[in-house]
Amino acid sequence: MSIIYVLIPIAMLFVLIAIGIFFWAVKSEQFDDLDRQSVSILFDEDEQPAPKSNNNESKPS
């Protein structure tokens, strides 16, 4: 029964830490844009422009 006197403060400490982390995340704007990450997979960000050809065959003479 005396273990309950140790477990209750430890549980309260864990709850306070979790609440502190939650408020830190809200304050640092971690939850502002939740849709961007879910939509970003649909778009290709690695598009590179086609290389320019420098050969003389493509120029009219």
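In what follows, the structure referred to is the one given above.
Residues numbered from 1 in each chain as written. Predicted model: local features only at pLDDT ≥ 70, side-chain atom pairs only at ≥ 80, totals over all residues. Heavy atoms only, no water.

(A) Just the overall build of the protein, in detail. Helix and strand content of the protein: two helices and zero strands. Buried residues in the protein amount to 2% of all 61 residues. As presented, the protein carries roughly 6500 Å² of accessible surface, and 63% of it is formed by carbon and sulfur atoms. (Helix = DSSP H or I, 4+ residues; strand = E, 2+ residues; numbered from the N terminus. Buried < 20%, exposed > 50% of the residue type's maximum accessible area, 1.4 Å probe, protein only. Areas by Shrake-Rupley, 256 points an atom, 1.4 Å probe, with all protein chains shown as cover.)

(B) Broad picture of the packing of aromatic side chains. All told, the structure shown has one aromatic pair when counted by the stated rule. Measuring from ring centre to ring centre gives 5.6 Å for Phe22 and Phe23, while their planes differ by 65°; the resulting arrangement is edge-to-face. Look at Phe22 and you get partly exposed, because its relative accessible area is 44%. (Phe/Tyr/Trp six-rings, centres within 6.5 Å; stacked < 30°, edge-to-face > 60°.)

(C) Geometry of unusual backbone geometry. In this structure, Glu29 is a non-glycine residue whose phi angle is positive, near 60°. Tracing the backbone through its elements, the reader meets Glu29 in the loop between α1 (4-27) and α2 (35-40).

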